[in-house]
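Coordinates in review
Chain by chain, the residues run as shown.
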Amino acid sequence: MKNIKQTLLIGLALVGFSASPFALAQSNPAASVPAAGAQELPGHSPQDMEKWHEKMKERAIKHQAELHERLKITPAQEPAWKTFTQAMTPPSMPEHMHSQDQEKLSTPERMALSLERMKKHEALMQTRLDAVKTFYVALTPDQQKIFDESHKRMQKEMQERMAKQMEKGGRVGTMERH
């Protein structure tokens, strides 16, 4: 359990710190057009970020379908499954400030903004944890073993991807540290 918490906190910290100066994803495409003379990071356009987010949603749906099949969810467990998958579905892309707007903020203001994002991530994780706990008790002991193995495998894969990205010159996900 300590490893899971540590991994999640590291992941949230990396997302929060790497996203704050480079948060380019906008839910309003018209507002995401860079100002004249402003530079956009290659491969980090709002459209690219939206495509990435859609790809992640598709992967989540595929994973849920595979897990549903492996767990052999019974009709009596379907309501718990539906509640679980709804809580685990990635939320819509958050609206972020343009990087040039963030540059106008003082360091304490940028850190406060980053902390606020981390708090939102933590609240989302708490919601997901509550959903997992509720769903988990609806499973049989055999289903719980399958569920545990699936989660361990996903956690290991995520840790390996993060380690590989860190080895590639400090890259995390698709965002570079500068």
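All of the points below concern the structure found in this document. (Residues numbered from 1 in each chain as written. Predicted model: local features only at pLDDT ≥ 70, side-chain atom pairs only at ≥ 80, totals over all residues. Heavy atoms only, no water.)

So, about the pattern of salt bridges. Where side chains of opposite charge bring their charged atoms close, a pairing between them can arise. For the coordinates displayed, the defined rule picks out 2 salt bridges. Note that Glu54 is salt-bridged to Lys57, the shortest N-O span being 4.0 Å. Note that Glu54 and Lys57 are positioned in helix H2 (residues 46-71) at a spacing of 3 residues, about one turn of the helix. Salt-bridge contacts for Glu160 lead to Lys156; the nearest nitrogen and oxygen are separated by 4.0 Å. (Salt bridge = Lys/Arg side-chain N within 4 Å of Asp/Glu carboxyl O. Helix = DSSP H or I, 4+ residues; strand = E, 2+ residues; numbered from the N terminus.)

Moving on, we come to the nonpolar core. Most often, soluble globular proteins keep nonpolar side chains buried together rather than apart. Judged by nonpolar contacts, Leu67, Leu71, Ile73, Trp81, Phe84, Phe135, Leu139 and Phe147 together constitute the single largest core of 8 residues. Those elements that provide at least two residues to this core are H2 and helix H3 (78-88). (Core = buried A, V, L, I, M, F, W, Y, C linked by side-chain atoms within 4.5 Å. Buried < 20%, exposed > 50% of the residue type's maximum accessible area, 1.4 Å probe, protein only.)

Glancing now at unusual backbone geometry. Even without being glycine, Lys72 reaches a positive phi, approximately 55°. When you line up the elements, Lys72 lands in the loop between H2 and H3. Using a relative accessible area of 64% as the deciding quantity, one classes Lys72 as exposed.

Moving on, we come to the packing of aromatic side chains. Ring pairs (aromatic) are described by centroid distance and by the angle formed between their planes. Inspection of the entire model under this criterion finds 6 aromatic pairs. Where Phe84 meets Phe147, the ring centres are 5.7 Å apart and the plane angle is 70°; that geometry is what we call edge-to-face. Taken together, the residues Phe84 in helix H3 and Phe147 in helix H6 (residues 141-167) connect sequence positions 63 residues apart. Note on Phe84: relative accessible area 6%, which makes it buried. (Phe/Tyr/Trp six-rings, centres within 6.5 Å; stacked < 30°, edge-to-face > 60°.)

Mapped onto the elements, Gln143 comes out in helix H6. A polar contact is formed between the side chain of Gln143 and the backbone oxygen of Leu71, at a distance of 2.7 Å. Once residues within four sequence positions are removed from consideration, Gln143 is found in contact with Leu71, Lys72, Ile73 and Gln77. (Polar contact = N/O pair within 3.5 Å; in protein donor to acceptor, adjacent residues only side chain to side chain. Contact = heavy atoms within 4.5 Å.)

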